[in-house]
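Architecture and fold: a report
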Amino acid sequence: MRALVRARFRLTAPDAPPGVSVRPGPGARTAGAAATRALREAGLAHLGGHLDLRTYGRAPRDAETAHAAHRAVHRTLATRRP
């Protein structure tokens, strides 16, 4: 059985300290780093958020976890209202 990683990212208030908190789970450190990197790439490193990871199947590889986190951040930023 392959690993499936689902991630949901929610931005925090603009006046909150920057950084990403990750709901504990396999690959939390890798996912947090990927989410932070995605914010920085979007020019929004001054923002922060909460990342919720859910994994199914076997333990995910770091690359799978990082990819899910990166996608979740970009999906949230794409739907963000100015």
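Here the structure is shown first, and the text comes after it.
These remarks concern the structure in this document.

**Considering the sheet that holds strand β2 (residues 19-22)**
Adjacent strands of a sheet pair through backbone hydrogen bonds, lying either parallel or antiparallel. Within the open sheet, the three strands sit side by side as β1-β3-β2. Their pairing is mixed. Two strands in the sheet have a free side with no partner beyond their single neighbour: β1 (4-11) and β2. With strand direction ignored, the average angle separating the axes of adjacent strands in the sheet is 25 degrees. Pairing between β2 and strand β3 (residues 48-56): four bridges, direction parallel. Paired with Ser-21 across the strands is His-50, a residue of β3. Against the sheet, helix α2 (residues 62-79) engages β1 and β3, with an angle of about 35 degrees to β1.

**Thoughts on the pattern of salt bridges**
Overall, the coordinates contain four salt bridges when judged by the stated rule. Where Arg-54 meets Asp-52, a salt bridge forms, and the shortest distance between an N and an O atom there is 3.4 Å. Accessibility expressed as a relative area gives 43% for Arg-54, which makes it partly exposed. Across the pair Glu-64 and Arg-61 runs a salt bridge, and its minimum N-O distance is 3.8 Å. Beyond isolated ion pairs, a larger network of salt bridges with shared partners links Arg-23, Asp-52 and Arg-54.

**A word on the nonpolar core**
If you look at the biggest cluster of nonpolar residues, it comprises 18 residues, and the most contacted ones within it are Ala-7, Phe-9, Leu-39, Leu-51, Leu-53 and Val-73. When residues of this core are traced back to their parent elements, those giving at least two are β1, α1 (28-41), β3 and α2.

**Focus on the environment of Gly-43**
Note that Gly-43 resides in the loop between α1 and β3. With relative accessibility at 52%, the residue Gly-43 sits in the exposed group.

**Examining the pairing of β3**
Side chains on a regular strand alternate between the two faces of the sheet. Here β1 pairs with β3 via eight bridges, running antiparallel. Looking across to β3, one finds that Phe-9 is bridged to Leu-51. Traced from β2 through α1 to β3, the parallel crossover comes out left-handed.

**Some remarks on the packing of α1 against α2**
Two packed helices can be described by the angle between their axes and the distance between those axes. It is the contact of α1 with α2, at a shortest axis distance of 8 Å, that shows an interaxial angle of 40 degrees. When the axis of α1 is compared with that of α2, the two are oblique. Regarding α1 and α2, the two cross each other, and that crossing is right-handed. Here Thr-30, Ala-31, Ala-34, Ala-35, Ala-38, Leu-39 and Glu-41 of α1 come into contact with α2, specifically with Asp-62, Thr-65, Ala-66, Ala-69, His-70, Val-73, His-74 and Leu-77. When grouped by side-chain class, the residues that make up the contact of α1 with α2 number nine nonpolar, four polar and two charged.

What counts as what
Residues numbered from 1 in each chain as written. Predicted model: local features only at pLDDT ≥ 70, side-chain atom pairs only at ≥ 80, totals over all residues. Heavy atoms only, no water. Pairing = 2+ DSSP bridges. Helix = DSSP H or I, 4+ residues; strand = E, 2+ residues; numbered from the N terminus. Axes fitted to C-alpha atoms, helices over the stretch in contact; angles between N-to-C directions. Contact = heavy atoms within 4.5 Å. Salt bridge = Lys/Arg side-chain N within 4 Å of Asp/Glu carboxyl O. Buried < 20%, exposed > 50% of the residue type's maximum accessible area, 1.4 Å probe, protein only. Core = buried A, V, L, I, M, F, W, Y, C linked by side-chain atoms within 4.5 Å. Right-handed = clockwise from strand over helix to strand, strands pointing away. Parallel < 35°, antiparallel > 145°, perpendicular 65-115°, else oblique. Left-handed = near helix turned anticlockwise from the far one by under 90°. Nonpolar A, V, L, I, M, F, W, Y, C, P; charged D, E, K, R; others polar.

Purely geometric stuff here, so don't read any function into it on its own.
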